Amino acid sequence: MVRILSQGKKVTSYLRKFNNFYELENIFYLCELNLIEKFKLSEREISRLIYDIYILKENKFFKNRFATILKGKILHDLPSKRKDFYVICLNKNKIFHKKNPFLKELLLYILTHELIHLVRFIRYESNFYSKYKWEEEKFVHNLTKKALKDFTNLPHMNKVFYYFDQIYS
């Protein structure tokens, strides 16, 4: 995992080169706040939601995906102090095109989608190592659309929904 991440950049350092850095950065906060509200996350669940976000160039690891999640463990002598942590890896080549007119909407969808996976993992509603990944992806897509239904007023949100509906149908 370290070798993969060493080839990438943390999301905030990467986004600084965009003119609309603050708008893009706000999308990440908006995703978290929306998720907390829509899924009624408790303080305990929020404290278990440990993750970081990296931007990586497309390689064999991504296999033409927009994003993927890696899982690690924080080890401790006391079992109660051991925790899972996650790294959301965003595919630079598929998401961050200079001429992408719907970057904000795409980021909103992708990050919300990945965070819903994490919520499902910490709630034990889904298993990170499940054999039924495609069924889980379809289910999370539907949850993502429900979570983002209040954002259809964004200019390109319906196009993003349509695009992912085609993938997950």
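Residue numbering note: each chain is counted from 1, following its sequence as written. With pLDDT at 70 or above as the cut-off, local features in this predicted model cover only qualifying residues; side-chain atom pairs require 80 or more to be listed or tallied, and sums for whole chains, interfaces and linings still use all residues. Where side-chain values are given, they derive from all heavy atoms of the structure, hydrogens and water being excluded.

Asker: Even after reading the chapter, I still don't get unusual backbone geometry, so can you show me in this structure?
Answerer: Most peptide bonds are trans, and most residues other than glycine sit at a negative phi. Of note, the phi angle at Lys40 is positive, near 50 degrees, even though the residue is not glycine. Considering the arrangement of structural elements, one finds Lys40 in the loop between α3 (21–38) and α4 (43–48). Residue Lys40 is classed as exposed on the basis of its relative accessible area, which comes to 65%. Positive phi values are uncommon outside glycine, yet Tyr124 reaches one of about 60 degrees. Only runs of H or I of at least four residues qualify as helices and only runs of E of at least two qualify as strands under DSSP, and these elements are numbered from the N terminus. One can find Tyr124 in the loop between α6 (103–122) and α7 (133–147). Each residue is assigned to one of three classes by its accessible area relative to the maximum for its type, calculated with a 1.4 Å probe on protein chains only: buried under 20%, partly exposed between the two thresholds, exposed over 50%.

Asker: I keep staring at the nonpolar core and nothing clicks. Help me out?
Answerer: One recurring pattern in soluble globular proteins is that nonpolar side chains are buried together. Residue types Ala, Val, Leu, Ile, Met, Phe, Trp, Tyr and Cys, when buried and joined through side-chain atoms within 4.5 Å, form a set referred to as a nonpolar core. In terms of nonpolar packing, the biggest core is built from 43 residues, with Leu90, Ile95, Leu107, Tyr109 and Ile110 touching the most fellow members. Elements that contribute at least two residues to this core include exactly α3, β2 (51–56), β3 (67–74), β4 (83–91), α6, α7 and α8 (157–168). It is α6 that contributes the most residues to this core, 13 residues altogether. The next biggest cluster of nonpolar side chains, apart from the first, holds six residues, and it includes Tyr54, Phe62, Leu70 and Val87.

Asker: What is the right way to read the confidence of the model for the protein from this model?
Answerer: Parts of the prediction with low pLDDT should not have their coordinates interpreted in detail. When the pLDDT values of the protein are averaged, the result is 85; 88% of them are 70 or greater. Confidence scores per residue from the predictor, reported as pLDDT, run from 0 to 100. For the protein, helix α1 (residues 2–6) is the element with the lowest average pLDDT, namely 43, and α7 is the one with the highest, namely 96. Any two residues whose heavy atoms approach within 4.5 Å at even a single point are treated as in contact. Counted against residues more than four places away or in other chains, residues 1–7, with its pLDDT under 50, gives twelve contacts.

Asker: Teacher, can you tell me more about the layout of surface pockets here?
Answerer: Rolled over the atoms, a probe sized like a water molecule indicates the empty space that remains. Buried and open spaces are told apart on a 1 Å grid over the protein atoms alone, a cavity being a set of points where a 1.4 Å probe fits but cannot get out and a pocket being an open set with protein on both sides within 12 Å along at least five of seven lines. Residues with an atom within 4 Å of a point are the lining residues. Grid points are joined across faces, edges and corners, and a volume is the space filled by probe spheres set on the points. The calculated volume of the largest pocket comes to roughly 520 Å³. Lining the largest pocket are 24 residues, and of these Arg65, Ala67, Glu114, His117 and Glu137 lie nearest its centre. Mapped by element, the contributors of at least two residues to the lining of the largest pocket are β3, α6, α7 and α8. Of the residues belonging to the lining of the largest pocket, the class tally is twelve nonpolar, seven polar and five charged. Roughly 370 Å³ of volume is contained in the second largest pocket. Lining the second largest pocket are 16 residues; nearest its centre among them are Arg48, Lys73, Lys83, Asp84 and Tyr124. By the convention adopted, Pro, Cys, Tyr, Trp, Phe, Met, Ile, Leu, Val and Ala count as nonpolar, Lys, Arg, Asp and Glu as charged, and the other residues, Gly among them, as polar.

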